[in-house]
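Single-letter residue listing:
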Amino acid sequence: LETYGTISLAEAIAPAIDFAEAGFPVTWHTTLKIAQDLALLTQDPVTRAVFTNNGVPWRTLDESAPTMLRQPDLAATLRTIADQGPRAFYEGELAARIADGLSAAGNPITTADLSGYTAVIEDALTVPYGDAIVHTPGNGTGGTTLAESLLLLNGIDLRSMEYGGADYLHHLSEAFKIAFADRFAYLADPTRMEVPLERLLSAAYLDSRRGEIDAALATPARAGVRAALAVAHKLDASVPDYTSDGSTTHHSVIDRNGMAVSTTQTLLSLWGSGVTIPGTGILMNNGMMWFDPQAGRPNSVDGNKRPLSNMAPSIVTRENMALATLGASGGRRIMNCVAQLALNVIDQNMSMQDATSAPRIDRSTPFLFASRRFNNDALHDLERRGHKVVVKDERQLLGDFSSPASIRRDLDGTLSGGVDPYYFPATAIGVD
């Protein structure tokens, strides 16, 4: 905001303060999500007081006069940050309250840990795909896996294949599988571990991995050999995170001047840890789940170490202009989702909503999740090729293929949004 923004922090944060203070309307979706995790939300007395009505899920009986879920302590916290700046979260009275609240629950984080934190601004990881450029976070994020997936696919003639056909989906699945095998074998905090970031994305390595793809058959998932990546360590691959449900929010924004922002924020599990710091309204996350709990692996738990995250907010540019902002919530599924959004916009020239609504696959697990909306013949063909196909129906609203929210910008400056049609809170808004 300081570098690129056109408004102050106080102006930017004002709507959040208003929502916290005045409240937001409780919908059936709010009630459902509270009810699903009622046991967690009632364990911590502060969380119970905010997110339940004396231990009962908040609900609206009359939609013309909805119940408003208010968070006055959170409003005060946000107002402090608006007035004093971002460091108010890490230093001073607010930081002391956070440290004291955590200490009372047996957590070892101290005010020194908070004051010692600084946000790091890094250059985006920038990779070509087709006639466009994709910009995304690098290092130990979902962006690196997204980048490897797109670079693998960039050397495959997908445009000659039937979109959504068995050949098309087979090659996507094989590329995604390779990228995820490499992710768990090698990605971690590069300041604490030997991570072959440049070599993973080098042309020679990608050519060799692409050459392993059998055009007719699914092959076992395996990471690239250490020798090819010049990796000295012999650590076992990390295991995936243990997130079973998500509390991630993605925002895409493009203004009339073409300034594009793609940002993803998360509590990890729905409601995070379920612990709210007294007097602050701050609901703490459970980000430890991003680490591997076993020692001796690249992404194992360690102090002052960044965990391997799934988030992959991205901006697509063409001829140095923003073509699209892409991103999603959905844990491990984010990376495959954003890759397919990019393919739909760049290769297929779809509108943003069509690109978002199109059926998708996910190969972030040993199974190939595939939308029921794909042709049955294509799905049966994938099974014959050796894929462990699990057909999922998005209409069950389980978020099996992530939940994107993205924007496309045409050459004439026209902006169009695209949001997950199977996720109730997903919204696209144009503001003059």
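Computed from a prediction, not measured in an experiment: that's the story for all the values here. (Residues numbered from 1 in each chain as written. Predicted model: local features only at pLDDT ≥ 70, side-chain atom pairs only at ≥ 80, totals over all residues. Heavy atoms only, no water.)

Visitor: Help me out: how do you make sense of the environment of Gly 430 in this one?
Guide: Within the fold, Gly 430 resides in the segment after strand E18 (415-419). Looking at Gly 430, the relative accessible area reads 76%, which means it is exposed. Spatially, the C-alpha atom of Gly 430 lies 8.3 Å from that of Gly 417, the residues being 13 residues apart in sequence. (Helix = DSSP H or I, 4+ residues; strand = E, 2+ residues; numbered from the N terminus. Buried < 20%, exposed > 50% of the residue type's maximum accessible area, 1.4 Å probe, protein only.)

Visitor: Just to check I follow, could you spell out unusual backbone geometry for this structure?
Guide: Peptide bonds are trans in most cases, and residues, glycine excluded, mostly fall at negative phi. Phi is positive for Asn 304, close to 55°, though the residue is something other than glycine. Along the chain, Asn 304 turns up in the loop between strand E10 (282-283) and strand E11 (314-318). Overall, Asn 304 belongs to the exposed group, its relative accessible area being 80%. A positive phi angle is found at Ser 402, which is not glycine, with a value near 70°. Looking at where Ser 402 falls in the secondary structure, it is placed in the loop between strand E16 (389-392) and strand E17 (403-409).

Visitor: Just to check I follow, could you spell out the pairing of E16 for this structure?
Guide: Walk down a regular strand and you will see the side chains alternate between the two sheet faces. With four bridges connecting them, strand E15 (residues 368-371) and E16 associate as parallel partners. Looking across to E16, one finds that Leu 368 is bridged to Val 389. Between the parallel elements E15 and E16, the chain passes through helix H15 (residues 376-384) in a crossover that is right-handed. (Pairing = 2+ DSSP bridges. Right-handed = clockwise from strand over helix to strand, strands pointing away.)

Visitor: Help me understand the environment of Thr 427, please; the structure alone is not making it clear to me.
Guide: In this structure, Thr 427 sits in the segment after E18. Separated by ten residues in the primary sequence, Thr 427 and Gly 417 have C-alpha atoms spaced 8.7 Å apart. Looking at Thr 427, its side chain comes within polar contact range of the main-chain oxygen of Pro 425, at 2.8 Å. (Polar contact = N/O pair within 3.5 Å; in protein donor to acceptor, adjacent residues only side chain to side chain.)

Visitor: Just to check I follow, could you spell out helix H6 (residues 93-104) for this structure?
Guide: Residues spaced three or four apart along an α-helix face the same direction, because each turn holds 3.6 residues. With twelve residues, H6 extends 16 Å between its outermost C-alpha atoms, agreeing within 8% with the 16 Å of an ideal straight helix rising 1.5 Å per residue. Among the residues making up H6, those that are buried are Leu 94, Ala 95, Ile 98, Ala 99, Gly 101 and Leu 102. Down the axis of H6, the smallest arc covering the buried residues is 160°, so these residues share one side. Exposed and facing more than 90 degrees away from the buried side of H6 are Glu 93, Asp 100 and Ala 104. Those residues of H6 that are buried are in contact with helix H5 (72-84), helix H7 (111-115), strand E9 (276-277) and E10. Looking one or two residues past H6, Gly 106 carries a phi angle of roughly 90°, positive in sign. (Expected span 1.5 Å × (residues − 1). Arc of directions from axis to C-beta. Contact = heavy atoms within 4.5 Å.)

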